[in-house]
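In case you want the letters, here they are:
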Amino acid sequence: MNTQHAEQIAAALLRIEAVSFSPADPFTWASGLRSPVYCDNRVTLAYPDVRRLIRDGFVQLIRSAGVLPDVIVGTATAGIPHAAWVAEALDLPMAYVRSKAKAHGRENQIEGRVVAGQRAVVIEDLISTGGSSIAAAEALQAVGVEVRSVLAIFSYGFDRAEDAFASAGIAFDVLTSFSVLIDQARAGEGLPAGAIDSLERWRLDPKAWSESFDADA
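In this report, the structure presented in the accompanying data block is examined.

Cut-offs and rules
Residues numbered from 1 in each chain as written. Predicted model: local features only at pLDDT ≥ 70, side-chain atom pairs only at ≥ 80, totals over all residues. Heavy atoms only, no water. Helix = DSSP H or I, 4+ residues; strand = E, 2+ residues; numbered from the N terminus. Rg over C-alpha atoms; globule rule 2.2 N^0.38 Å. Buried < 20%, exposed > 50% of the residue type's maximum accessible area, 1.4 Å probe, protein only. Contact = heavy atoms within 4.5 Å. Salt bridge = Lys/Arg side-chain N within 4 Å of Asp/Glu carboxyl O. Pairing = 2+ DSSP bridges. 1 Å grid on protein atoms, 1.4 Å probe; cavity = no way out; pocket = protein on both sides within 12 Å on 5 of 7 lines; lining within 4 Å. Points joined across faces, edges and corners; volume = space filled by probe spheres on them. Nonpolar A, V, L, I, M, F, W, Y, C, P; charged D, E, K, R; others polar. Core = buried A, V, L, I, M, F, W, Y, C linked by side-chain atoms within 4.5 Å. Axes fitted to C-alpha atoms, helices over the stretch in contact; angles between N-to-C directions. Left-handed = near helix turned anticlockwise from the far one by under 90°. Expected span 1.5 Å × (residues − 1). Arc of directions from axis to C-beta.

1. Brief notes about the overall build of the protein chain
Moving on, step 1. Scanning the protein chain from N- to C-terminus turns up 8 helices and 10 strands.
Moving on, step 2. Here the protein chain has a C-alpha radius of gyration of 18 Å; the compact-globule value for 217 residues is 17 Å, and the two agree.
Moving on, step 3. With respect to the three principal axes, the spread of C-alpha positions in the protein chain is 50 × 35 × 30 Å.
Moving on, step 4. Expressed as a percentage of its 217 residues, the buried residues of the protein chain come to 43%.
Moving on, step 5. Long-range pairs, those at least 24 residues apart, make up 63% of the contacts in the protein chain with a sequence separation of at least 6.

2. Re the pattern of salt bridges
Moving on, step 1. In total, this model carries 7 salt bridges according to the counting rule given.
Moving on, step 2. A salt bridge links Arg186 to Asp183; the nearest nitrogen and oxygen atoms lie 3.1 Å apart. Taken together, the residues span about one helical turn, with Arg186 and Asp183 both in helix 6 (residues 178-187) at a distance of 3 residues.
Moving on, step 3. For the salt bridge of Arg186 with Glu200, the shortest nitrogen-to-oxygen distance reads 3.1 Å. With a gap of 14 residues between them, Arg186 in helix 6 and Glu200 in helix 7 (residues 193-204) connect regions that are remote in the sequence.

3. Quick notes on the sheet that holds strand 5 (residues 71-75)
Within a beta sheet, neighbouring strands are joined by backbone hydrogen bonds and run either parallel or antiparallel to one another.
Moving on, step 1. Strands sit in the order 7-6-5-8-9-10 across an open sheet of 6 strands; the sheet is mixed. The open sheet has two edge strands with one neighbour each: strand 7 (110-111) and strand 10 (172-177).
Moving on, step 2. Bridge count for strand 8 (residues 119-127) against strand 9 (residues 146-155) is 8 bridges, and the pairing is parallel. By the bridge assignment, Val121 is partnered in strand 9 with Ser149.

4. Topic: the pairing of strand 8
Moving on, step 1. Here strand 8 lies mainly inside the structure; 8 of its 9 residues are buried.
Moving on, step 2. Across 4 bridges, strand 5 lies against strand 8 in parallel orientation. Note on strand 8: the bridge partner recorded for Val71 is Ala120.

5. Things to note about the layout of surface pockets
Moving on, step 1. Estimates place the volume of the largest pocket at around 1000 Å³.
Moving on, step 2. What lines the largest pocket is a set of 37 residues, and nearest its centre among them are Trp29, Leu126, Ile127, Ser128 and Thr129.
Moving on, step 3. Those elements giving two or more residues to the lining of the largest pocket turn out to be strand 4 (37-39), strand 8, helix 4 (131-142), helix 5 (159-168), helix 7 and helix 8 (206-216).
Moving on, step 4. Of the residues in the lining of the largest pocket, the class split is 16 nonpolar, 11 polar and 10 charged.

6. A closer look at the nonpolar core
Moving on, step 1. Within the largest apolar cluster, 45 residues are counted, with the highest numbers of intra-cluster contacts made by Phe58, Ile72, Phe154, Tyr156, Phe178 and Trp202.
Moving on, step 2. Elements supplying a minimum of two residues to this core: helix 1 (3-15), strand 4, helix 2 (48-64), helix 3 (80-90), strand 8, strand 9, helix 6 and helix 7.
Moving on, step 3. At 7 residues, helix 2 tops the list of elements feeding residues into this core.
Moving on, step 4. Among all residues touching Trp202, those that are not within four sequence positions of it are Trp29, Arg34, Ser35, Pro36, Val37, Tyr156, Phe158, Phe178 and Trp209.
Moving on, step 5. Val73, Val147, Phe165 and Val174 belong to the second-largest nonpolar core, a separate cluster that totals 21 residues.

7. Considering the packing of helix 1 against helix 6
Moving on, step 1. The interhelical angle for the contact between helix 1 and helix 6, taken along N-to-C directions, is 65 degrees, at an axis separation of 9 Å. The two elements helix 1 and helix 6 meet at a crossing, and its hand is right-handed. Where helix 1 abuts helix 6, its residues Ala6, Glu7, Ala10, Ala11 and Leu14 lie against Val180, Leu181, Gln184 and Ala185.
Moving on, step 2. When its residues are assigned to classes, the contact of helix 1 with helix 6 shows 7 nonpolar, 1 polar and 1 charged.

8. With respect to helix 1
Moving on, step 1. The terminal C-alpha atoms of helix 1, which comprises 13 residues, lie 18 Å apart, in line with the 18 Å expected from a rise of 1.5 Å per residue.
Moving on, step 2. Those residues of helix 1 not exposed but buried are His5, Ala6, Ile9, Ala10, Ala12 and Leu13. End-on view of helix 1: buried residues confined to an arc of 160 degrees, all on one side of the axis. Counted as exposed and oriented over 90 degrees from the buried face of helix 1: Thr3 and Gln4.

9. Here we look at the environment of Ala171
Moving on, step 1. On the secondary structure map, Ala171 appears in the loop between helix 5 and strand 10.
Moving on, step 2. When the C-alpha atoms of Ala171 and Ser149 are compared, they prove to be 4.7 Å apart, with 22 residues separating the residues in sequence.
Moving on, step 3. Those residues within four positions of Ala171 in sequence are excluded, and the remaining contacts are Arg148, Ser149 and Val150.

What follows is the structure, encoded as structure tokens:
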């Protein structure tokens, strides 16, 4: 993660309200977990300057590895447009991976064209536990593609995700993170100190924070 770029992207996400904070009235994730923060990176599609900032960040991360991949692969659905912009900037082929194979037609899980032996970089919009990103990478590995890394716009920074990627043997990196976002929110005076403390407690143990909120409700 490039610190300066991470701060720029975090500030941009806050500016366009792709990130929402609500410690007193938390959001409920699909898993049932309560969360005082919600990040919707699909909002970035509406802002060309933010899209370019994200694209350039991904390109910088990919170029810093020294050797370009053979193909850029997006995750369905939010990673697809960003993968397309990155692939265009690098003049590389692009494909995308569904969460599961289609139940009709050619029953593809991977759309576009990938070939065994190719090296791929996977573009994701967000990493929480890492499960969906790892599943996409493993779908590519199953057809003989070497996954160089998974790159995401944003990560909540959970230890669980770090452990999951390490266990799967898959490298990953992000453009910005929850901790950078909190620093930017604090600098902008957009949140009271008590709210920031609550957000940081949630990041350290989201399950305990969620259960505590439900118990107090």
